[in-house]
Amino acid sequence: MPIAAIYANLSCKALPDAARWFAAVFGREADRRPMEGLLEWDCGDGGLQLFQKPEDAGRGTLTLIVADIRAERDRLAAAGLAVGEIEPADYTSILRLRDPDGNLVVLAQPHA
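Note on numbering: residues in each chain are counted from 1, in written sequence order. Two thresholds apply to this predicted model, a pLDDT of at least 70 for residue-level local features and 80 or more for giving and counting side-chain atom pairs, whereas whole-chain, interface and lining totals are computed over all residues. Only heavy atoms go into the side-chain values, all of them from the structure, while hydrogens and water stay out.

A. Region of interest: the sheet that holds strand β7 (residues 92-98). Strand order in the open sheet formed by 4 strands is β5-β8-β7-β6, and the pairing between neighbours is mixed. Two strands close off the open sheet at either side, each with one partner strand: β5 (61-65) and β6 (87-88). Here β6 pairs with β7 via 2 bridges, running antiparallel. When the sheet's bridge partners are listed, E87 is paired in β7 with I94. Against the sheet, helix α1 (residues 15-26) engages β5, β7 and β8 (104-110), with an angle of about 20° to β5. In short, DSSP must find at least two bridges between two strands for them to pair. Secondary structure elements are taken from DSSP: a helix is a run of H or I of four residues or more, a strand is a run of E of two residues or more, and numbering for both begins at the N terminus. It only takes one pair of heavy atoms within 4.5 Å for two residues to be counted as in contact. Between N-to-C directions, angles span 0 to 180 degrees; the directions come from axes that are lines fitted to C-alpha atoms, helices contributing only their stretch in contact.

B. Examining the side chain of S11 more closely. Assignment of secondary structure puts S11 in strand β1 (residues 6-12). Among all residues touching S11, those that are not within four sequence positions of it are F51, K53, D56, A57, G58, D101 and N103.

C. Broad picture of the nonpolar core. Here, nonpolar core means buried Ala, Val, Leu, Ile, Met, Phe, Trp, Tyr and Cys residues that are tied together by side-chain atoms lying within 4.5 Å of each other. For every residue, the accessible area (1.4 Å probe, protein chains only) is compared with the maximum for its type, and the residue is labelled buried under 20%, exposed over 50%, or partly exposed between those bounds. Judged by nonpolar contacts, the single largest core of 24 residues is most densely connected at F22, W41, L50 and L107. Of all the secondary-structure elements, those providing two or more residues to this core are β1, α1, β3 (38-43), β4 (46-52), β5, α2 (69-78), β7 and β8. The element contributing the most residues to this core is α1, with 8 residues. Apart from the residues within four sequence positions on either side, F22 is in contact with L10, R28, W41, L48, L50, L62, D99 and V105.

D. Quick peek at the sheet that holds strand β2 (residues 32-35). The 4 strands lie next to each other as β1-β4-β3-β2, forming an open sheet whose pairing is mixed. Two strands lie at the open edges of the sheet, namely β1 and β2, each paired on one side alone. With direction set aside, neighbouring strand axes in the sheet form an average angle of 30°. Bridging between β2 and β3 involves 2 bridges; their strand directions are antiparallel. By the bridge assignment, M35 is partnered in β3 with L38.

E. A look at α2. For α2, every residue scored as buried is listed here: I69, R73 and L76. Around the axis of α2, the buried residues are gathered within 70° of arc, so they sit on the same side. Opposite its buried face, α2 presents the exposed residues R70, D74 and A78, each directed more than 90 degrees away. Looking at the packing, one finds that the buried side of α2 touches α1, β7 and β8. The directions considered for the arc run from the helix axis to the C-beta atoms.

As structure tokens, then:
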């Protein structure tokens, strides 16, 4: 099966609140609203679907690979998001964030 694109999906309790948070993360509003309760952001050959489904909110994880994790941390802090410290790992550096519902969003920068 050839795959053309993959979209990650996270559930949220209140779409307007989660949409504002992810708009700050992506630096832009959602690319589309394909149906009631669903927003999509395009990212390369895939993206994120944010779905209002309160019973599943807070149980997901999304990892975003970035080129400059320090610059992204500074940008997100300036946008008012709660950011922690950059953590070194074996092959990457990571920054863990929690969206308004508690979903884990990890920024990762691979080591050169």
